[in-house]
Amino acid sequence: MLRSQTSVIVSLYQQYIRAGGTFSAARFLFPKLYLQRPEVVTYKQPRFDVDFFLYSRIVTLYDDLFGRENVHVFLFEDFRRGGMDFLREFAAELRLNVDWEKVSLEPRLRGYGAPLAWIARGLNLFTRRSVLDKHYLVNIPGWYRPRRKILEALNRTGLFGKPPKLSDLIGKDAAGKLESHFARDNALLAERRGLPLAELGYPMPAGQAESIAFKSDTVAIAE
């Protein structure tokens, strides 16, 4: 199941905060700008890498390992607009036995608006759980679960607005360069698999232009 990179990255940052993260989106997405050796060496400190979302490479690897006919590529955007019809087609194609009476389309976790995300990062400073890439002031035993309940209760009030877009989190310049980084790869995948990525909002090349190589150390980031 694939999802537009600009959307899934925001969702992952939301999950990072939910799980106890304290860093800004820029620090989460571009850790090399903030780390010094030996921390900058990836195998010594695993962390987020935007190249994971170059989907064509993953699909090609799975095709080579399992055979193209055994690799099914679905799009989150089709699920979002198709709902239960999509799920029934999904189950049929994969030959899944589903108890449809127990299937709900109601979202379990709604994204945090920007003000609530700031509150979450503040509360997360008082627990060491449960992500590695974070900073905390003091670990209060037993604080992690009540913190989560407080945040979800606040989120259900609807007072904190909608989740921010990628450009809201890191600035238009950095968001635009990330889109360019994914564009050519998306075009290749769309061509190889006949996927309507452009019409579903995935980053795509402008005309026939090639996407530029992404280098995090050249991005101007809005904190």
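Residues numbered from 1 in each chain as written. Predicted model: local features only at pLDDT ≥ 70, side-chain atom pairs only at ≥ 80, totals over all residues. Heavy atoms only, no water.

Caption draft 1: Region of interest: the overall build of the protein chain. Helix and strand counts for the protein chain come out as nine helices and zero strands. For the protein chain, the α and β elements follow one another from N to C terminus as α-α-α-α-α-α-α-α-α. Among the 223 residues that make up the protein chain, the fraction classed as buried is 41%. Put simply, of all contacts in the protein chain between residues at least 6 apart along the chain, 67% involve residues at least 24 apart. As presented, the protein chain carries roughly 13800 Å² of accessible surface, and 54% of it is formed by carbon and sulfur atoms. (Helix = DSSP H or I, 4+ residues; strand = E, 2+ residues; numbered from the N terminus. Buried < 20%, exposed > 50% of the residue type's maximum accessible area, 1.4 Å probe, protein only. Contact = heavy atoms within 4.5 Å. Areas by Shrake-Rupley, 256 points an atom, 1.4 Å probe, with all protein chains shown as cover.)

Caption draft 2: Main features of the nonpolar core. Judged by nonpolar contacts, the single largest core of 43 residues is most densely connected at Ile9, Leu29, Leu166, Ile170 and Leu178. Breaking this core down by element, the ones donating at least two residues are helix 1 (5–18), helix 2 (25–29), helix 3 (55–66), helix 6 (114–123), helix 7 (144–156), helix 8 (166–170) and helix 9 (172–193). For Leu29, the residues in contact, after removing those within four places along its chain, are Ile9, Phe48, Val50, Leu166 and Ile170. (Core = buried A, V, L, I, M, F, W, Y, C linked by side-chain atoms within 4.5 Å.)

Caption draft 3: Highlighting the packing of helix 6 against helix 7. With their axes 11 Å apart at the nearest point, helix 6 and helix 7 run at an angle of 170° to one another. One element, helix 6, and the other, helix 7, form an angle in the roughly antiparallel class. Residues Leu116, Ile119, Ala120 and Leu123 of helix 6 pack against Arg147, Leu151, Leu154 and Asn155 of helix 7. Class assignment for the residues of the contact of helix 6 with helix 7 results in six nonpolar, one polar and one charged. (Axes fitted to C-alpha atoms, helices over the stretch in contact; angles between N-to-C directions. Parallel < 35°, antiparallel > 145°, perpendicular 65-115°, else oblique. Nonpolar A, V, L, I, M, F, W, Y, C, P; charged D, E, K, R; others polar.)

Caption draft 4: Region of the structure containing the packing of aromatic side chains. On inspection of all chains with the given rule, the structure shows 13 aromatic pairs. With centroids separated by 6.2 Å and ring planes inclined at 90°, the aromatic side chains of Phe53 and Tyr55 adopt a geometry described as edge-to-face. Accessibility assignment for this pair places Phe53 and Tyr55 in one class, buried. When the ring of Tyr62 is compared with that of Phe66, the centres are 6.1 Å apart and the planes differ by 65°; the resulting orientation is edge-to-face. Of this pair, Tyr62 and Phe66 both sit in helix 3, four residues apart, roughly one helical turn. (Phe/Tyr/Trp six-rings, centres within 6.5 Å; stacked < 30°, edge-to-face > 60°.)

Caption draft 5: The arrangement of the pattern of salt bridges in detail. Applying the stated criterion across every chain, the model contains seven salt bridges. The salt bridge involving Glu152 is made with Arg18; its shortest N-O contact spans 2.9 Å. Of this pair, Glu152 sits in helix 7 while Arg18 is found in helix 1, placing the two residues 134 residues apart along the sequence. Residues Glu152 and Arg18 agree in their burial class; the two are buried. A salt bridge links Arg110 to Glu106; its shortest N-O distance comes to 3.0 Å. Accessibility expressed as a relative area gives 49% for Arg110, which makes it partly exposed. (Salt bridge = Lys/Arg side-chain N within 4 Å of Asp/Glu carboxyl O.)

Caption draft 6: Helix 5 (residues 84–94), seen in detail. Taken together, the buried positions of helix 5 are occupied by Phe86, Leu87 and Ala91. Projected down its long axis, helix 5 shows its buried positions confined to an angular sector of 130°, all on one face. In helix 5, the exposed positions that point more than 90 degrees away from the buried face belong to Asp85, Glu89 and Ala92. Considering only its buried residues, helix 5 is in contact with helix 4 (76–82). (Arc of directions from axis to C-beta.)

Caption draft 7: Seen up close, helix 7. With 13 residues, helix 7 extends 19 Å from end C-alpha to end C-alpha; this agrees with the ideal 18 Å at 1.5 Å per step. On its buried face, helix 7 sits against helix 1 and helix 6. (Expected span 1.5 Å × (residues − 1).)

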